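The primary structure of each chain is shown beneath.
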Amino acid sequence: MEKEKVYRLPLRKVYPAILNKALRKGRSEEEFLQMIHWLTGYTKEEIEHSLERDVDYKTFFEKAPAWNPAGQFTKGVVYGIRGENIEDPIVRKTRHLEK
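Residues numbered from 1 in each chain as written. Predicted model: local features only at pLDDT ≥ 70, side-chain atom pairs only at ≥ 80, totals over all residues. Heavy atoms only, no water.

(A) Structural context of helix α3 (residues 29–40). Counted at 1.5 Å a residue, the expected span for α3 with its 12 residues is 16 Å, and the 16 Å between its end C-alpha atoms agrees. For α3, the full list of buried residues reads Phe 32, Leu 33, Ile 36, Leu 39 and Thr 40. End-on, the buried residues of α3 take up no more than an arc of 130 degrees, which puts them together on one face. Residue Gly 41 follows α3 closely and has a positive phi angle near 90 degrees. (Helix = DSSP H or I, 4+ residues; strand = E, 2+ residues; numbered from the N terminus. Expected span 1.5 Å × (residues − 1). Buried < 20%, exposed > 50% of the residue type's maximum accessible area, 1.4 Å probe, protein only. Arc of directions from axis to C-beta.)

(B) Local environment of the pattern of salt bridges. Summed over all chains, the structure comprises 2 salt bridges. When the shortest N-O distance is used, the salt bridge between Arg 12 and Asp 54 registers 2.7 Å. Here the residue Arg 12 occupies a position in helix α2 (residues 11–24), and Asp 54 occupies one in the loop between α4 (44–53) and α5 (57–62), the gap between them amounting to 42 residues. Judged by relative accessible area, Asp 54 falls into the partly exposed class, the value being 37%. The closest approach of N and O atoms between Lys 58 and Glu 62, which form a salt bridge, is 3.8 Å. Residue Lys 58 and its partner Glu 62 are both found in helix α5; the two are separated by 4 residues, about one turn of the helix. For Lys 58, a relative accessible area of 31% puts it in the partly exposed group. (Salt bridge = Lys/Arg side-chain N within 4 Å of Asp/Glu carboxyl O.)

Geometry only, nothing functional implied.
Pasting the structure below:
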């Protein structure tokens with residue numbers, strides 16, 4: 001799926017898939033929320049508000065309150081692509097969340 005299509009998806013459709021991936025990796029929902037907060041600055045309430053407002057995936061990342069600069073040091077492969085090699089900043093940030 002091309003990135004423009006993914007960007008237009010409502011966060012409410014993408015969020016459960018990412019959460020389920022974290023759960024399959026042995027993380028709790030609380031740990032997942034803590035990780036989103038650490039990476040983006042969003043609180044649990046702000047995430048819930050974004051889900052209710054039907055914010056699209058791209059806007060959620062573009063409007064993040066406080067990107068953690070340490071997030072750039074997240075390493076690894078997501079969907080066969082090394083995260084640190086992704087040029088598009090939004091795509092790179094979304095992959096950090098999935099890691």
